[in-house]
Amino acid sequence: MNVAPKTLRQLSDLDAAGLTDNEQRTALEQVAAQYAIAITPAMESLIDRTDPNDPIARQFVPSAAELTTTPQERADPIGDDAHSPLPGIVHRYPDRVLLKLTHVCAVYCRFCFRREMVGPGAEPLTAEQLDAAIEYIASHPEIWEVILTGGDPLVLSPRRIKDVMARLAAIDHVKVVRVHTRVPVAEPSRTVPALVKALKIKRKATYVVLHVNHARELTDAAREACDRFIDAGIPMLSQSVLLKGVNDDPQTLGALMRALVECRIKPYYLHHGDLAPGTSHLRTSIEHGQALMRALRGRFSGLCQPEYVLDIPGGHGKSPIGPNYLSKNDSEGWRVEDFNGASHCYPPKT
Ligand code: SF4
């Protein structure tokens, strides 16, 4: 009898799957006691066990390096708490809020910026807390967009998603609902027609933003899952995290962006790695990120250009940190650099 593959959640599951190193055993036990583990069959099947630097394994298989925390790293790296007026809501920018429905995810990423909060034991929003969060949104007419995040909202049942979407649909000033998810790549079988239908609400725009970091994650099943959203009229964008040893060279990053565009998903954000505890082995320097963005600009279609952003530690929001191509020279006006690095002048306005 065939046994359906299951999500790996314990070190013993990883042992059985040949994904642990015995020499790191004690350290891995400490990591597992601190941070959640989940590797879905879809992601596990992509891991090349003959490659010690496999980019999929680096994202999901725990490592002893996670026990090294630098002085700059912090439990709440993007400062959600400072902007959370009540459980489940983060109101950092005037016209939009995060609505965090759950702290559970299909997979647990080793670089997660909310790794101190997410995990299978984390409490979901209670019915009363959800009522209060919806009431908060309804009573703030400046909120134009609601971003469903977590955790991963698409681990919830279509029935629960439908209920939340219906309640948002009833709020006149909310015009856009954005859903941040890794489910279409991590567990594509969850994107059933009932889920897609639940996300569509009359007279509001729903966007699905896919978290994906390597072109290999866009398997046939993942592409079909994305097709279900897009064919139903739900546009898709992407967000990727710049990760050392995963996507931090121009070919790999460019291949990811091309694969996304081929799937009709517009690359939106490339995040610089946040200062989450125990993640320095996966972060690059900002200089390296800028050099990668220059390389993308020179070699890949304009459709393949995400915005390189940094969430400023302490809760000050996102800022674009990509390379600058324009400078001012008082005698000549502007100087602008082309994609080959040559500089040209552009006259001041007369
Ligand atoms: S899916 Fe998102 S929230 Fe969940 S572990 Fe990965 S980065 Fe964190």
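Just above, that's the structure.
Cut-off values and rules
Residues numbered from 1 in each chain as written. Predicted model: local features only at pLDDT ≥ 70, side-chain atom pairs only at ≥ 80, totals over all residues. Heavy atoms only, no water. Helix = DSSP H or I, 4+ residues; strand = E, 2+ residues; numbered from the N terminus. Pairing = 2+ DSSP bridges. Axes fitted to C-alpha atoms, helices over the stretch in contact; angles between N-to-C directions. Near = heavy atom within 4 Å. Nonpolar A, V, L, I, M, F, W, Y, C, P; charged D, E, K, R; others polar. Disulfide = S-S within 2.5 Å. Buried < 20%, exposed > 50% of the residue type's maximum accessible area, 1.4 Å probe, protein only. Phe/Tyr/Trp six-rings, centres within 6.5 Å; stacked < 30°, edge-to-face > 60°. Lys NZ or Arg CZ within 6 Å of the ring centre and 35° of its normal. Parallel < 35°, antiparallel > 145°, perpendicular 65-115°, else oblique. Left-handed = near helix turned anticlockwise from the far one by under 90°. Contact = heavy atoms within 4.5 Å.

**Description of the environment of V155**
Relative to the elements of secondary structure, V155 occurs in the loop between β3 (145-149) and α6 (158-169). For the pair formed by V155 and C105, sequence separation is 50 residues and the distance between their alpha carbons is 6.5 Å.

**Concerning the sheet that holds strand β11 (residues 333-337)**
The strand order β10-β11-β12 describes an open sheet built from three strands, whose pairing is antiparallel. The sheet is open, and its two borders are formed by β10 (326-329) and β12 (343-346), each paired with just one other strand. Going from strand to strand, the sheet's axes swing by 30 degrees on average, the running direction of each strand aside. Pairing geometry for β10 and β11, over four bridges, is antiparallel. Across the sheet, residue L326 finds its bridge partner in β11, namely V336.

**With respect to the site of the ligand**
In the vicinity of the ligand, the residues found are C105, V107, Y108, C109, C112, G151, R182 and H211. Counted by class, the shell around the ligand contains five nonpolar, two polar and one charged residues.

**Points about the state of the cysteines**
A complete count under the given rule lists zero disulfides for this structure. No disulfide involves C263; its nearest neighbouring cysteine sulfur is the one of C226, lying 6.1 Å away. The exposure class of C263 is buried, given its relative accessible area of 6%.

**Examining the packing of aromatic side chains**
Counted according to the given criterion, the structure contains one aromatic pair. Between Y268 and Y269 the ring centres are 4.0 Å apart and the planes differ by 25 degrees, which places this aromatic pair in the stacked class. By relative accessible area, Y268 is classed as partly exposed at 25%. Here the basic side chain of R115 rests over the ring of Y35, its NZ or CZ set 3.6 Å away from the ring centre.

**What to know about the packing of helix α5 (residues 127-138) against α6**
Look at α5 against α6: their axes get within 10 Å of each other, and the N-to-C directions meet at 25 degrees. By the angle class used here, α5 and α6 are roughly parallel. Our pair here, α5 against α6, has a crossing hand that is right-handed. Together, L130, D131, I134 and I137 of α5 and D163, V164, R167 and L168 of α6 make up the contact between the two elements. Counted by class, the contact of α5 with α6 contains five nonpolar, no polar and three charged residues.

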